[in-house]
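Architecture at a glance
The lines below spell out each chain.
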Amino acid sequence: MLTKKIEDLCNRQIEREGYSSNLYLAMASWAETKGMSGIAEWLYAQAEEERAHMLKFFRYVNERNGTAIVPEFKKPPVKYKGIPELFDEVLKHEKFISASINEVLEAAIADKDYATVNWIQWFVDEQVEEESSAQMIIDKIKLAGEHGIYFLDRDIMNFRGE
Ligand code: OFO
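Let me begin by describing the structure that accompanies this report. (Residues numbered from 1 in each chain as written. Predicted model: local features only at pLDDT ≥ 70, side-chain atom pairs only at ≥ 80, totals over all residues. Heavy atoms only, no water.)

Details of helix α2 (residues 37–63)
For α2, which comprises 27 residues, the first-to-last C-alpha distance of 39 Å matches the rise-based estimate of 39 Å (1.5 Å per residue) to within 8%. At the exit of α2 stands Asn65, carrying a positive phi of roughly 70 degrees. (Helix = DSSP H or I, 4+ residues; strand = E, 2+ residues; numbered from the N terminus. Expected span 1.5 Å × (residues − 1).)

Below, the structure is given as structure tokens:
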């Protein structure tokens, strides 16, 4: 049984993972309309992953006798300044999500909810991977320069850490 505090934090995380999915979907749409189909594919795949993360939390809350709530989502931005800025935004968002996961973990430790402490480790590992793949893409953009974006668009699906 989840305490009310952990249940609320997990429901907050459901909203944040769902928003992540919508954010990457919005980014995918923008990239696709700018002719960057490879980057769009990467973002579409990322959006799917985030939805899966949302569902993981959703099912966990109900499994532990809480009530998972379908939240309202704020609308993600429609336009992005450019590809480097977009990936900076991805990394910034992933850092925000990592901090948010850590808050759930810290609350679970404080509550002596060791089942949640154990369960959420998967997300702790996942966030390491998500931050690292966003950082790797940013590094490649810096290496290649703005004109190398064509090659990034061509090769980006090779940089999916799964
Ligand atoms: Fe759900 O890992 Fe990214 O946000």
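A look at the packing of α2 against helix α5 (residues 121–144)
The geometry of α2 relative to α5 is characterised by a closest axis approach of 13 Å and an angle of 165 degrees between their N-to-C directions. Overall, the two elements α2 and α5 adopt an arrangement that is roughly antiparallel. Considering only the axes of α2 and α5, their crossing is left-handed. Residue-level inspection shows Trp42, Gln46, Glu49, Glu50, His53, Lys56 and Phe57 of α2 in contact with α5, the latter providing Trp122, Phe123, Glu126, Glu130, Ser133 and Ile137. Across the contact of α2 with α5, the residue classes tally to five nonpolar, three polar and five charged. (Axes fitted to C-alpha atoms, helices over the stretch in contact; angles between N-to-C directions. Parallel < 35°, antiparallel > 145°, perpendicular 65-115°, else oblique. Left-handed = near helix turned anticlockwise from the far one by under 90°. Contact = heavy atoms within 4.5 Å. Nonpolar A, V, L, I, M, F, W, Y, C, P; charged D, E, K, R; others polar.)

A few points about the layout of surface pockets
If a probe the size of a water molecule is rolled over the atoms, the empty space left behind becomes visible. The calculated volume of the largest pocket comes to roughly 190 Å³. What lines the largest pocket is simply Glu15, Arg16, Tyr19, Leu23, Lys74, Pro77, Glu89, Lys92, His93 and Phe96. Split by residue class, the lining of the largest pocket holds four nonpolar, one polar and five charged. (1 Å grid on protein atoms, 1.4 Å probe; cavity = no way out; pocket = protein on both sides within 12 Å on 5 of 7 lines; lining within 4 Å. Points joined across faces, edges and corners; volume = space filled by probe spheres on them.)

Remarks on the pattern of salt bridges
Evaluated as defined, the whole model comprises four salt bridges. Its salt-bridge partner being Arg12, residue Glu103 comes within 2.6 Å of it at the nearest N-O pair. Note that Glu103 is positioned in helix α3 (residues 83–110) and Arg12 in helix α1 (residues 4–33), a separation of 91 residues in sequence. Note that Arg154 and Asp155 form a salt bridge whose closest N and O atoms lie 3.0 Å from each other. Asp155 gets classed as partly exposed once you look at its relative accessible area, which sits at 23%. (Salt bridge = Lys/Arg side-chain N within 4 Å of Asp/Glu carboxyl O. Buried < 20%, exposed > 50% of the residue type's maximum accessible area, 1.4 Å probe, protein only.)

So yeah, pure geometry; function would need other evidence.
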